[in-house]
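# Secondary and tertiary structure notes
Chain by chain, the residues:
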Amino acid sequence: MSDLSTRRRWTLISLGLLRAGGIAILLVALYYLLPLDRPSPSSLTVGLLVGLLVLVATMYWEVRAIVRARFPGIRATQALATTVPLFLLVFAATYFMIAFHDPATFSEPLSRSDALYFTITTFATVGFGDIAPRSEAVRLLVAVQVLLDLVVLGLGIQVIVGAVKKSRVREVPGVDAA
């Protein structure tokens, strides 16, 4: 690989990570700016379902983009840097709205930052124990998040790696991608 192509590759990696970082920053800004402090019980459920549908649609779009990408490994990194923050913010917004609607559902009142912190510690399976769900319904929701965490980490990464492999096989002359 020549210096020019190496330089070009690093430029593409840098631009891709800047794009993904920009999207992540935009998502976090939306999380802090959206009026999440006016939930009704029905809007909580609808919000979570819409958020999860947006996540699935984003993941589908990202996998298709990986398969078509000239540099699928770079595109896969961008996909992870976009979809993981979206996943975390969907749950953080849901926990914030639940806690705002009924502060007794968690061991302490949750600010947006507290809800994001709780979501991240749950995702990372660290669970410091300083914030805990108190109601059965919220415990079940946290259990759903933990199960989806496993799906995101296991199946999600497997799908992205599979898309990278499919794209790379497609690029090799004389090899059938099917």
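Structural notes, computed from the coordinates. Remember, predicted model here, so these are calculated numbers, not experimental data.

### As for the packing of helix H3 (residues 72-101) against helix H4 (residues 112-123)
Across the interface, H3 lies against H4 with an axial gap of 8 Å and an inter-helix angle of 125°. If you check the angle between H3 and H4, you find them oblique. Handedness of the crossing formed by H3 with H4: right-handed. Each of Val84, Phe87, Leu88, Leu89, Phe91, Ala92, Tyr95 and Phe96 in H3 lies in contact with H4, whose residues at this interface are Arg112, Ala115, Leu116, Phe118, Thr119, Ile120 and Phe123. When the residues that make up the contact of H3 with H4 are grouped by side-chain class, the tally is 13 nonpolar, one polar and one charged.

### A look at the packing of aromatic side chains
Following the criterion strictly, the structure yields nine aromatic pairs and no others. Look at Phe91 and Tyr95: their rings are 6.0 Å apart centre to centre, the planes differ by 45°, and that puts the pair in the tilted class. Here the residue Phe91 and the residue Tyr95 both occupy positions in helix H3, the gap between them amounting to four residues, near one helical turn. Tyr95 carries the same exposure label as Phe91, and that label is buried. For the pair Tyr95 and Phe106, a centre-to-centre distance of 5.9 Å together with 75° between the ring planes defines the contact as edge-to-face. You can see Tyr95 sitting in helix H3 and its partner Phe106 sitting in the loop between H3 and H4, a full 11 residues away along the chain. Here Tyr95 and Phe106 have matching classes, each one buried. Members of the aromatic cluster, each reached through a chain of ring pairs, are Phe87, Phe91, Tyr95, Phe106, Phe118 and Phe123.

### Topic: a nonpolar patch on the surface
Together, Leu80, Leu153, Ile157 and Val161 make up a nonpolar patch on the protein surface, roughly 280 Å² of accessible area in all. If you tally residues by element for the nonpolar patch, the top one is helix H5 (residues 136-171), at three residues. Within the element layout of this structure, Leu80 appears in helix H3.

### A few points about the environment of Phe87
With respect to the helices, strands and loops of the structure, Phe87 is situated in helix H3. Here the alpha-carbon distance between Phe87 and Leu52, two residues 35 residues apart in the chain, equals 7.6 Å. Those residues in contact with Phe87, other than ones at most four positions away along the chain, are Leu55, Phe123, Gln145, Leu148, Asp149 and Val152.

Procedures and definitions
Residues numbered from 1 in each chain as written. Predicted model: local features only at pLDDT ≥ 70, side-chain atom pairs only at ≥ 80, totals over all residues. Heavy atoms only, no water. Axes fitted to C-alpha atoms, helices over the stretch in contact; angles between N-to-C directions. Helix = DSSP H or I, 4+ residues; strand = E, 2+ residues; numbered from the N terminus. Parallel < 35°, antiparallel > 145°, perpendicular 65-115°, else oblique. Left-handed = near helix turned anticlockwise from the far one by under 90°. Contact = heavy atoms within 4.5 Å. Nonpolar A, V, L, I, M, F, W, Y, C, P; charged D, E, K, R; others polar. Phe/Tyr/Trp six-rings, centres within 6.5 Å; stacked < 30°, edge-to-face > 60°. Buried < 20%, exposed > 50% of the residue type's maximum accessible area, 1.4 Å probe, protein only. Patch = residues over 30% accessible without salt bridge, like charges linked within 9 Å, V, L, I, M, F, W, Y side chains within 5 Å. Areas by Shrake-Rupley, 256 points an atom, 1.4 Å probe, with all protein chains shown as cover. Salt bridge = Lys/Arg side-chain N within 4 Å of Asp/Glu carboxyl O.

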